Amino acid sequence: PDPSSRYVMAAWHQEVCGILERFLKDIEAGKEPRVFILAPIRHGKTHLCGLAFLLYVLGRHPEWPILFCSNGDKKAEDDSVDRQRVRPAAAEVFPHLARPTSLTPGTKETLKVWKLATGGQLASYGINNCPAGVNAKLAVLDDWYPNTEKAQSVAYRKKVIGNFRGAFVSRLVEDAGILLMGTP
C-alpha cells in the first residue's frame, strides 16, 4: 500500500520535520551535522526521511549529490520506486525534478541513480554494495539491519560497521550531513 495515501501527521512527525529542517540548515551552513532518528517499526521514518525529505532537499538543492543506503539493494530499490511514484507531485513544486521525457547526453536515469541536468543526483544502494565514485552532500542510512537475527550477529554487525566507515562515510564531500534512521 502507498503510505502517502493515508498518511496522517502526528505530533511526532511534526517534531521530526523540525529536526530535519534544522539539519538541512546546518548542512547549508557547513556545520557537518549528524542526526540519528530512532522510532518503532511502522512510524513513518522511511516515508518522512527517506522519501519526502530527500525529494525536498533535491528540490531545494538540485546540484547536491545525495546518497540513500539501506540494509540491502532490494530495500533501496523499493524505496527508490516509492520516490519515483511521488516524483511527479514533487515536480509540481520543483520542476527540475520532473522525469525527463528523453535523456540528454551524459544524463543517467536508472532505478538506483537519478542524475539531474542541474548536476545533482540521488543514488540508492544497499549498505553492503555501495560502489566507488558515489559522492554525497547528504548521506542517509535507513534500517541497516534487515532483521533481528542479523542485528544480533556479531559478524554481520562488524560487516555493516566496516561498510559504514569505508563505503558510506568515505563518500561524503566537504560539509556534508549524515542522517541515520533505525528501529530500536
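This text gives an overview of the structure that appears in the document.

How each quantity is defined
- Residues numbered from 1 in each chain as written.
- Predicted model: local features only at pLDDT ≥ 70, side-chain atom pairs only at ≥ 80, totals over all residues.
- Heavy atoms only, no water.
- Salt bridge = Lys/Arg side-chain N within 4 Å of Asp/Glu carboxyl O.
- Helix = DSSP H or I, 4+ residues; strand = E, 2+ residues; numbered from the N terminus.
- Buried < 20%, exposed > 50% of the residue type's maximum accessible area, 1.4 Å probe, protein only.
- Pairing = 2+ DSSP bridges.
- Axes fitted to C-alpha atoms, helices over the stretch in contact; angles between N-to-C directions.
- Parallel < 35°, antiparallel > 145°, perpendicular 65-115°, else oblique.
- Left-handed = near helix turned anticlockwise from the far one by under 90°.
- Contact = heavy atoms within 4.5 Å.
- Nonpolar A, V, L, I, M, F, W, Y, C, P; charged D, E, K, R; others polar.

1. Focus on the pattern of salt bridges
Summed over the entire model, instances satisfying the criterion amount to nine salt bridges. We note a salt bridge from Lys 75 to Asp 79, for which the minimum N-O separation is 2.9 Å. A residue pair is termed a helical-turn pair when its members lie 3 or 4 positions apart in one helix, as Lys 75 and Asp 79 do in helix α3 (residues 73-93) at four residues. Residue classification places Asp 79 among the buried positions, given a relative accessible area of 8%.

2. Details of the pairing of strand β2 (residues 65-70)
Counting buried positions along β2 yields six of six residues, so the element is predominantly enclosed. The alternating pattern of β2 places Pro 65, Leu 67 and Cys 69 and Ile 66, Phe 68 and Ser 70 on opposite faces, both of which are buried. Taken together, the six bridges between β2 and strand β4 (residues 121-126) define a ladder with parallel strand orientation. Note on β4: the bridge partner recorded for Ile 66 is Leu 122. Where β2 meets strand β5 (residues 136-142), five bridges bridge the pair, whose relative direction is parallel. Bridge pairing in β5 places Cys 69 opposite Leu 141.

3. A word on the packing of helix α2 (residues 45-60) against α3
Following both chains from N to C, one finds α2 and α3 inclined at 50°, their axes separated by 10 Å at the closest point. By the criterion of interaxial angle, the relationship of α2 to α3 is oblique. Our pair here, α2 against α3, has a crossing hand that is right-handed. Contacts between α2 and α3 pair Thr 46, Gly 50, Leu 51, Leu 54 and Leu 55 from the former with Lys 75, Asp 79, Asp 82, Arg 83, Val 86 and Ala 90 from the latter. Of the residues contributing to the contact of α2 with α3, the split by class is five nonpolar, two polar and four charged.

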